[in-house]
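# Chains, contacts and geometry: an overview
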Amino acid sequence: MSAVLSLDSVSVRRGRKMLLNNVSFTINDDERWVILGPNGAGKTTMLQIAAARLFPSSGTAQILDETLGAVDVFELRPRIGFCSNAIANHLPQRETALNAVVTAAYGVTGRWREEYEQLDERRAFQLLNDWGVGTVFDRPFGTLSEGERKRVQIARALMTDPELLLLDEPGAGLDLAGRESLVARTSELIAHEDAPATVLVTHHLEEIPPGFTHVLLLRDGEVVAQGPLQETLTSENLSRTFDMPLDLTERNGRYSAFMKH
Ligand SMILES: Nc1ncnc2c1ncn2[C@@H]1O[C@H](COP(=O)(O)OP(=O)(O)OP(=O)(O)O)[C@@H](O)[C@H]1O
């Protein structure tokens, strides 16, 4: 067991606002973390630090044994799979789904010889198939449905065989069947012994795939609670996080919460 991500007293300040305030936590390679918190809590900010795309204003971020600020982020980023709307918005809409996945590999080594390109294409196609979107491989990314786009984005995040996988609200905008299928596939992915350490940001407890081991609850840029999921995801901690009396329910490894009456 070794740490893949370690934040030590990390703060992010913009003007007078503290987006993150003195946040410390560590993720080990065999752990799968959920980050929960209300709108504006700082979840995306935290994930951007983990993705080596944002530097803390103070504190230290260690990512995959490298210290942010003392490492070439362009070497570090390919080791991190990052699925987020921010990345998706930069994907050319006319590019095919296959290319949207394949191009993740080019970030690693720049131009590739043709034989490697074929290997890449094969891997990208396999990943699209694994995520149930093999049939749309030649469709422009911009014409895909929200659910298809989300799956293509996850396939892209996995293309470089990352050591750390970051999923920022992968279930947002999906219909019920789309969400359930995403939860099931993510659960399968993380159950694999070679699966990377994974961090999932979500607003909805229903989107937590069975198999996630830890949770971090954020509110106003500060940690409300963190630790093993079963002990830490409680009605009390959720109520403090969302500033509302909430009742947590768990059934077969799936969670939901409703306002207490
Ligand atoms: N450049 C900036 N200047 C000032 N405030 C900012 C800046 N960037 C983000 N914020 C604010 O920081 C807070 C945290 O933003 P962040 O996107 O990390 O929250 P979040 O938990 O991901 O929210 P959501 O659930 O709504 O996506 C928000 O209140 C946001 O408005």
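Reading the values: the criteria
- The numbers attached to residues start from 1 for each chain and follow its sequence in the written order.
- The predicted origin of the model limits local features to residues at a pLDDT of at least 70 and limits the giving and counting of side-chain atom pairs to 80 or more, whereas totals for whole chains, interfaces and linings rest on all residues.
- Every helix listed is a DSSP run of H or I at least four residues long, and every strand listed is a run of E at least two residues long, numbered separately from the N terminus.
- We take the radius of gyration over the C-alpha atoms and set the globule estimate at 2.2 Å times the residue count to the 0.38 power.
- With C-beta atoms placed from the backbone, the exposure class of a residue follows from how many other C-beta atoms lie within 10 Å of its own: 20 or more, buried; 12 or fewer, exposed; in between, partly exposed.
- Note on contacts: residues are paired as contacts if their backbone-placed C-beta atoms lie within 7 Å.
- The predictor attaches a confidence to each residue, and that confidence, scored 0 to 100, is pLDDT.
- Near, for a residue, is defined by distance from a backbone-placed C-beta atom to a molecule or strand, with 6 Å as the limit that must not be exceeded.
- Side-chain classes follow a simple rule in which Ala, Val, Leu, Ile, Met, Phe, Trp, Tyr, Cys and Pro form the nonpolar group, Asp, Glu, Lys and Arg form the charged group, and the remainder, Gly included, forms the polar group.

## Looking at the overall build of the protein chain
Summing up its helical and strand segments, the protein chain has 9 helices and 12 strands in all. Compactness check: the protein chain gives a C-alpha radius of gyration of 18 Å against a globular reference of 18 Å for 261 residues, within 12% of the reference. Referenced to the eigenvectors of the C-alpha coordinate spread, the extents of the protein chain come out at roughly 60 × 45 × 35 Å. Residues classed as buried in the protein chain amount to 39% of the 261 residues present. Considering only residue pairs separated by 6 or more positions, the protein chain has 63% of its internal contacts joining residues 24 or more positions apart.

## Some thoughts on the confidence of the model for the protein chain
Of all residues in the protein chain, 96% have pLDDT values of 70 or greater, and the mean over the chain is 91. When the criterion is pLDDT under 50, residues 108–112 qualifies, and its contacts beyond four places in sequence or with other chains add up to 5 contacts. Across the interface, the model reports ipTM at 0.94; the global pTM reads 0.93.

## Remarks on the site of the ligand
The ligand sits among 13 residues. The nearest are Arg14, Asn39, Gly40, Thr44 and Thr45. Where the shell around the ligand is concerned, the elements lending two or more residues are strand S2 (17–28) and helix H1 (43–50). With 3 residues, H1 is the single largest residue contributor to the shell around the ligand. Taken together, the residues that form the shell around the ligand break down as 2 nonpolar, 8 polar and 3 charged.

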